[in-house]
2 protein chains.
Amino acid sequence: MLPELKLQPLRCVLAIIDQGGFHAAAKHLHRSQPAISMAVGELESRLGQALFEKGSGKARLTPFGQWCEPRFRELVAHHDRLSRDALAMASHQVGRVDIAAVPSVASRLMPDILASFVVDYPGIEINLHDGNSELVRSMVLKAEVDLGITSLWQAEEGLDFTPLLQDAVGVVCRDDHPLADCDPLHWRELSGHTLIRNGTSRLLEGSPAAGLLTHSTLYVSNMISLTAMLEAGIGITTLPRLAFQEERRRLRFIALAEPLLERRIGLLSRTGVSLSPAAQAMRQHVMARLDHSRSR
Amino acid sequence: MLPELKLQPLRCVLAIIDQGGFHAAAKHLHRSQPAISMAVGELESRLGQALFEKGSGKARLTPFGQWCEPRFRELVAHHDRLSRDALAMASHQVGRVDIAAVPSVASRLMPDILASFVVDYPGIEINLHDGNSELVRSMVLKAEVDLGITSLWQAEEGLDFTPLLQDAVGVVCRDDHPLADCDPLHWRELSGHTLIRNGTSRLLEGSPAAGLLTHSTLYVSNMISLTAMLEAGIGITTLPRLAFQEERRRLRFIALAEPLLERRIGLLSRTGVSLSPAAQAMRQHVMARLDHSRSR
DNA sequence: GAAGCAAGGTAAGATTTCCTGATCGTTTTA
DNA sequence: TAAAACGATCAGGAAATCTTACCTTGCTTC
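Everything numeric here is computed off the predicted structure, so don't read it as measured data.

Novice: Mind laying out the overall build of chain A, listing which residues take part and the relevant values?
Specialist: A tally of regular secondary structure across chain A gives 10 helices and 10 strands. Scaling as 2.2 N^0.38, a compact globule of 296 residues should have a C-alpha radius of gyration of about 19 Å, whereas chain A reaches 32 Å, well beyond that. Counting only C-alpha atoms and orienting by the principal axes, one finds that chain A spans roughly 105 × 35 × 30 Å. Residues counted as buried form 48% of the 296 residues belonging to chain A. For chain A, contacts bridging at least 24 residues in sequence account for 69% of all contacts bridging at least 6. Roughly 14,600 Å² of accessible area belongs to chain A as shown, and the carbon and sulfur atoms make up 51% of that amount. Considering chain A, the positive charge centre built from 32 side chains and the negative charge centre built from 33 side chains are found 6 Å apart.

Okay, here's the thing in structure tokens:
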């Protein structure tokens, strides 16, 4: 019913108009002149009306051609805009990526990573959320974010986990604490000290040190509160190294040698759906940066 | 640089989405399933990103595909709209035609002609101007109208004249005038009577009756004024039959037998530029109608 | 759990589309 | 009046595109 107006003949018509003739249009489009002639002829027969005046030496539009010209121009422009946008989207020049990361990663690793990312991909909009690993997991699962950076307790249906780095658990205490100079540290040396649990304490579960948790009566989830309590000398806590704020002068981080507890931090994404081009770029960038930083 | 997004593959993508699978889309588009597969594959490689998830049994969009879908739909819709509009324009279903006609034609012939035209072409907008033959000529020449219906004194560069009908000049007088019952009439019988000239009087120029004009001291261009003066018995005038308002009971039209003066009324259009589709339809319609009315 | 079915992908051949090079008629230019 | 430029036409060939036939995979069914 409707004739299919291919874009190439429309471009021919516009080129003839703009360049002022069939020959000029042919040169401009890198085609031979007969190709232009035939494309226009085909289009005209499809529409049932001539676009250019016949018989006269020069190429001049018919009234119908004049009516068509701006509309052809519009359609071609629309196509070109879409083509450009789609290509930009596909080639990671524009787009949007939503990431969720646990606070330690968000504050310690992401600044550098994102700083270099925005240099490489200045057109991509980035949204960074932070929350505990459970929140990150659920945001990825519900597709609220494209990527998560977190530790995963166990493999799960629908989630793909790519390990990035190992983060060793250690003890944090004030610099005047009796433990402050014991390095390396065995878990048994902790017994008898006041242990403040926090969101990462479940890393101890299943290890020989798990028993320490049962004797702890303090639980603080907020990192700022926790730091303040440690600085006040109220007790000690366990933290992965990445979660320890090194700029706290009065606090010490002492690696736990026995047992050696590590959380595996990695990239979390949904299986099944592939990533948006922007998210692909981000994923690749994160992996490259962390591989790079690990190797040096 | 920019990839050429052909419309057919875009239609394939939309059909797959709408029909829920490659096979269904193939049936819907009357193609074989591999054709769909290959078209999509071609498009994906052109964009550098997959539109559909690979490996899974069903056809599901990637995030990039979801981004593309509404845009593809828009572009295809834009194309279809243009295709439909252009076809409607080309096939005289819509459009606009501007006509100028001399008053006699505009009031005596055009009503019937336009009445049947709007039945055949309900979508075409018509603009009818009227004015004396000089104005009609100039409007056509300046492309202010597509067509003119008038008498033309002489052929002119840039104007194409197609005769439609002959309009005999006669004398108009009140029914109690001495000439009222003289039929046929010779121009010499007019001498001695008060002659009121009007816009059509120049038809007498170059004829044996031209001398009458020099003895006339009255000129009235407005037809209503002229009619009133004739009905008041002030004098007589000459008019083409078409310009004579037959519904004036007190006025008579007497054909001039010697000399037989006729104006040729015809279609005026510009040479060089072809007519808009709507004007083509109008031109054809006018010619058909007047041929028809002349033959009966 | 093997058979059957339906999904999409792949390969080879045929068809259509599209482009090129040569040539012609007409119009404009020198 | 000759020369040049423009657009149309034709035959041949290259490229895209479609079809038929067959394969692989995943799910259903008995």
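Still to come is the rest of the account.
Novice: Which residues make up the environment of Ser138 of chain B, and what values do they have?
Specialist: Looking at the element boundaries, Ser138 of chain B is found in helix α7 (residues 133-141). Sequence separation between Ser138 of chain B and Thr200 of chain B is 62 residues; the distance between their C-alpha atoms is 17 Å.

Novice: Which residues make up the protein's contact with DNA strand D, and what are the values?
Specialist: Close contacts around DNA strand D come from 17 residues, with Phe22, Gln33 and Ser37 of chain A together with Lys6 and Ser32 of chain B the closest. The contact atoms of DNA strand D, taken as those within 4 Å of the protein, divide so that sugar and phosphate hold 58%. One of the backbone N or O atoms of Phe22 of chain A is found 2.8 Å from a phosphate oxygen in DNA strand D. Contact between DNA strand D and Ser37 of chain A: a phosphate oxygen at 2.5 Å from a side-chain N or O atom of the residue. Going through the elements one at a time, α2 (22-29) and α3 (33-47) of chain A together with α3 (33-47) of chain B are the ones with two or more residues in the surface near DNA strand D.

Novice: Could you give an account of the layout of surface pockets, with specific residues and numbers?
Specialist: Here the largest pocket defines a volume of roughly 650 Å³. Elements with a contribution of two residues or more to the lining of the largest pocket: α5 (103-108) and α7 (133-141) of chain A. The leading source of residues in the lining of the largest pocket is α5 of chain A, at four residues. Among the residues making up the lining of the largest pocket, the classes are represented as 10 nonpolar, 13 polar and seven charged. Approximately 550 Å³ is the volume found for the second largest pocket. Every element with two or more residues in the lining of the second largest pocket is listed here: α5 (103-108), α7 and β3 (147-151) of chain B. Of all the elements, α5 of chain B adds the most residues to the lining of the second largest pocket, at five residues. For the lining of the second largest pocket, the per-class residue count stands at nine nonpolar, 12 polar and five charged.

Novice: Could you give an account of the pattern of salt bridges, naming the residues involved and the relevant values?
Specialist: All names here are of chain A. For the structure on display, the rule yields 33 salt bridges over all chains. Where Glu125 meets Arg96, a salt bridge forms, and the shortest distance between an N and an O atom there is 3.6 Å. On the criterion of sequence distance, the pair formed by Glu125 in strand β2 (residues 124-130) and Arg96 in strand β1 (residues 95-101) is long-range, its members being 29 residues apart. Overall, Glu125 belongs to the partly exposed group, its relative accessible area being 40%. A salt bridge links Lys142 to Glu144, with the nearest nitrogen and oxygen atoms 4.0 Å apart. Its relative accessible area of 57% is what places Lys142 among the exposed residues. Salt bridges here are not isolated pairs; linked through shared partners, they connect Arg174, Asp175, Asp176 and Arg250.

Novice: Before we move on, could you go through helix α1 (residues 7-19) of chain B and cite the residues and values that matter?
Specialist: All names here are of chain B. With 13 residues, α1 extends 18 Å from end C-alpha to end C-alpha; this agrees with the ideal 18 Å at 1.5 Å per step. On the buried face of α1, the contacting elements are α2 (22-29), α3 and α4 (63-90). At the exit of α1 stands Gly20, carrying a positive phi of roughly 85 degrees.

Novice: Summarise the domain arrangement of chain A; cite the residues concerned and give the values.
Specialist: Taken domain by domain, chain A consists of domain 1 (7-90) and domain 2 (95-295). Between domain 1 of chain A and domain 2 of chain A, the C-alpha centre-to-centre distance is 60 Å.

Novice: Which residues make up the protein's contact with DNA strand C, and what values go with them?
Specialist: Around DNA strand C, a shell composed of 17 residues is seen, among which Lys6 and Ser32 of chain A together with Phe22, His23 and Ser37 of chain B lie nearest. A share of 59% is what sugar and phosphate atoms reach among the atoms of DNA strand C within 4 Å of the protein. One of the side-chain nitrogen or oxygen atoms of Lys6 of chain A is found 2.8 Å away from a phosphate oxygen of DNA strand C. Within the side chain of His23 of chain B, an N or O atom sits 2.8 Å from a phosphate oxygen of DNA strand C. Secondary structure elements with two or more residues in the surface near DNA strand C: α3 of chain A together with α2 and α3 of chain B. The residue inventory of the surface near DNA strand C, partitioned by class, reads six nonpolar, eight polar and three charged.

Novice: Run through the interface of chain B and chain A, naming residues and quoting values.
Specialist: Contact residues are listed per partner, giving 40 residues for chain B and 40 residues for chain A. Carbon and sulfur atoms make up 64% of the area that chain B and chain A hide from each other, which totals about 3,500 Å². In this assembly, chain B and chain A are joined by two salt bridges. One salt bridge in this structure joins Arg11 of chain B and Glu4 of chain A, with 3.2 Å as the shortest N-O distance. Seen at the junction of chain B and chain A, the total is 13 residue pairs in polar contact (both at pLDDT 80 or more). Mapped onto the side of chain B that touches chain A, the elements with two or more residues apiece are α1, α3, α4 and α10 (277-295) of chain B. Its residues placed into classes, the side of chain B that touches chain A shows 19 nonpolar, 11 polar and 10 charged.

Novice: Explain the nonpolar core to me, and be specific about the residues and the numbers.
Specialist: Within the largest apolar cluster, 56 residues are counted, with the highest numbers of intra-cluster contacts made by Leu51 and Phe72 of chain A together with Leu51 and Phe72 of chain B. For this core, the elements supplying multiple residues, two or more each, are α1 (7-19), α2, α3 and α4 (63-90) of chain A together with α1, α2, α3 and α4 of chain B.

Novice: Could you give an account of the side chain of Thr162 of chain A, with specific residues and numbers?
Specialist: Residues and elements named next belong to chain A. Assignment of secondary structure puts Thr162 in strand β4 (residues 159-174). A polar side-chain atom of Thr162 sits 3.0 Å from a polar atom in the side chain of Arg283. Not counting the four nearest positions on each side in its chain, Thr162 is found in contact with Gly266, Leu267, Arg283 and Met287.

Cut-offs used in this document
Going along each chain's sequence as written, the residues are numbered from 1 onward. Both sets of labels track the order of writing: A upward for chains, 1 upward for ligands. Where totals are concerned, whole chains, interfaces and linings use all residues; where local detail is concerned, this predicted model gives features only for residues with pLDDT of at least 70, and gives and counts side-chain atom pairs only at 80 or more. With hydrogens and water set aside, each side-chain value is computed from the structure's full complement of heavy atoms. Per the convention used, a helix needs a DSSP run of H or I reaching at least four residues, while a strand needs a run of E reaching at least two, with both numbered from the N terminus. Two things to know: the radius of gyration comes from C-alpha atoms, and the globule rule equals 2.2 Å times the number of residues to the power 0.38. Throughout this description, buried means an accessible area under 20% of the type-specific maximum (1.4 Å probe, protein chains only), exposed means over 50%, and partly exposed covers the range between. Any two residues whose heavy atoms approach within 4.5 Å are treated as being in contact. Note that accessible areas follow from Shrake-Rupley with a 1.4 Å probe, and for residues the cover is restricted to the protein chains shown. Charge assignment: positive for Lys and Arg, negative for Asp and Glu; neither His nor the chain ends contribute. By convention, charge coordinates are those of NZ in Lys, CZ in Arg, CG in Asp, or CD in Glu. Residue proximity to a molecule or strand is established when one non-hydrogen atom of the residue lies within 4 Å of it. Distance and chemistry together define a polar contact, namely a pair of N or O atoms within 3.5 Å, with one atom able to donate a hydrogen and the other to accept it when in protein, and with adjacent residues in sequence counting only for side-chain atoms on both sides. Put simply, the grid is 1 Å and covers the protein atoms alone, a cavity is a trapped set of points that fit a 1.4 Å probe, a pocket is an open set with protein on both sides within 12 Å along at least five of seven lines, and lining residues have an atom within 4 Å of a point. Grid points are joined across faces, edges and corners, and a volume is the space filled by probe spheres set on the points. When residues are sorted by character, Ala, Val, Leu, Ile, Met, Phe, Trp, Tyr, Cys and Pro go into the nonpolar class, Asp, Glu, Lys and Arg into the charged class, and all the rest, Gly among them, into the polar class. Criterion for a salt bridge: a side-chain nitrogen of Lys or Arg within 4 Å of a carboxyl oxygen of Asp or Glu. For a helix, the expected span equals 1.5 Å multiplied by the residue count minus one. Here the limits of each domain have been adopted from an automatic or database domain assignment. In this description, buried area is defined as the sum, over both parts, of the accessible area (probe of 1.4 Å) that is lost when the two are combined. The definition of a nonpolar core used throughout is a set of buried Ala, Val, Leu, Ile, Met, Phe, Trp, Tyr and Cys residues joined through side-chain atoms within 4.5 Å.

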